[in-house]
Amino acid sequence: MIIIAGLGNPGAKYEKNRHNIGFMAADEISRRWRFGPERAKFQSIIAEGDVEGTKVLLMKPQTYMNESGRAVGEAARFYKIKPSEIIVFHDEIDLAPGRFRMKTGGGAAGQNGIRSLISHLGADFRRARMGIGHPGEKDLVMPHVLGDFHKAEQPWLNAMLQACADALPFAVVGDDGRYQGEVMRLAPAPKFSPRQAARGEL
């Protein structure tokens, strides 16, 4: 069994924010693989399902982003699941919009949900980093991540969400390199630097 956690903030106010792309990925995975009904447990909205023979607990922590580790940590302890069996989908400002990268371990890079998870799980869980781009200036980061996706962003957003769900069998068996490659094959996106693009340097 593995845990897949999508990060975001609960409530209608945040539903379409860039910061909630992890919730969106969890919803798309649940739809694609026909997970069971949602219910409340582990300070989260959870659903259970099967991805080509691997049992998956899908979580959307309801603790707000900055306390995500409390929820995922509680579930991991309950099921005795190792960090290597936990995949966390989250927004990544240092990747161009639509780019996707898998990473195990490392620091939080300013992402408070990841910082919380590290404090509860250690660093060695798997991160599915979903690029939302950087606004170019540090002062603009918070309004950017807590702003809604624009209509013009929907094509790449929908393509990446669908690709993350369709390619999931590679991730659940631990082949993160193949998973990353397949997501980007299904939903290609430019490799430009988010900061360069925001400053109009491209």
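Refer to the structure presented above.
Residue positions are given per chain, counting from 1 as you read along its sequence in written order. Reporting of local features is limited, given that this is a predicted model, to residues whose pLDDT is at least 70; pairs of side-chain atoms are given and counted only at 80 or more, and all residues count toward the totals for whole chains, interfaces and linings. Hydrogens and water molecules were not included; the side-chain quantities draw on all heavy atoms of the structure.

1. A word on the overall build of the protein
Alright, step 1. Secondary structure elements follow DSSP: runs of H or I of four or more residues count as helices, runs of E of two or more count as strands, with numbering from the N terminus. Summing up its helical and strand segments, the protein has 8 helices and 7 strands in all.
Alright, step 2. Radius of gyration means the value over C-alpha atoms here, while the globule rule gives 2.2 Å times the residue count to the 0.38 power. Against the globule reference of 17 Å for 202 residues, the protein gives a C-alpha radius of gyration of 16 Å, in line with a compact fold.
Alright, step 3. Projected onto its principal axes, the C-alpha coordinates of the protein cover approximately 50 × 30 × 30 Å.
Alright, step 4. For the exposure calls, accessible area comes from a 1.4 Å probe over protein chains only, and a residue counts as buried if that area is under 20% of its type's maximum, exposed if over 50%, partly exposed in between. A buried classification covers 54% of the 202 residues belonging to the protein.
Alright, step 5. Any two residues whose heavy atoms approach within 4.5 Å are treated as being in contact. Within the protein, contacts between residues at least 6 apart in sequence are counted, and of these 67% link residues at least 24 apart.
Alright, step 6. Accessible surface area values rest on a Shrake-Rupley calculation with a 1.4 Å probe, where residue burial reflects the displayed protein chains alone. Carbon and sulfur atoms make up 50% of the accessible area of the protein, which amounts to about 9400 Å² in all.

2. Focus: the environment of Tyr-79
Alright, step 1. Looking at the secondary structure, you find Tyr-79 in helix H2 (residues 68-79).
Alright, step 2. Take Tyr-79: its relative accessible area is 26%, and that puts it in the partly exposed class.

3. Side note on the packing of H2 against helix H3 (residues 112-121)
Alright, step 1. Note on geometry: axes are C-alpha line fits, over the in-contact stretch for helices, and angles between N-to-C directions span 0 to 180 degrees. Packing of H2 against H3 brings their axes to within 7 Å, and their N-to-C directions diverge by 35°. Our pair here, H2 against H3, has a crossing hand that is right-handed. Across the interface between the two elements, Ser-68, Gly-69, Arg-70, Val-72, Gly-73 and Ala-76 of H2 pack against Gly-113, Ser-116, Leu-117, His-120 and Leu-121 of H3. By convention the crossing between two helices is left-handed if the near helix lies anticlockwise of the far one by an angle smaller than a right angle, and right-handed if it lies clockwise.

4. Here we look at the nonpolar core
Alright, step 1. Core analysis: the biggest nonpolar cluster contains 40 residues, and Ile-4, Ile-29, Phe-89, Phe-100, Met-130, Leu-168 and Tyr-179 have the highest contact counts within it.
Alright, step 2. Residue contributions to this core peak at 7 residues, all from helix H5 (residues 154-166).
Alright, step 3. Contact partners of Leu-168, with chain neighbours within four places excluded, come to Ile-4, Ile-29, Trp-33, Val-51, Phe-89 and Tyr-179.
Alright, step 4. What we call a nonpolar core is a set of buried Ala, Val, Leu, Ile, Met, Phe, Trp, Tyr and Cys residues that are connected through their side-chain atoms within 4.5 Å. Judged by nonpolar contacts, the second largest core, of 20 residues, contains Phe-42, Ala-108, Leu-121 and Phe-125.

5. Considerations on the side chain of His-90
Alright, step 1. Residue position: His-90 is located in strand S5 (residues 86-92).
Alright, step 2. Take His-90: its relative accessible area is 2%, and that puts it in the buried class.
Alright, step 3. Apart from residues no more than four positions distant in its own chain, His-90 is found in contact with Leu-7, Ile-21, Gln-111, Ile-114, Arg-127, Ala-128, Arg-129 and Met-130.

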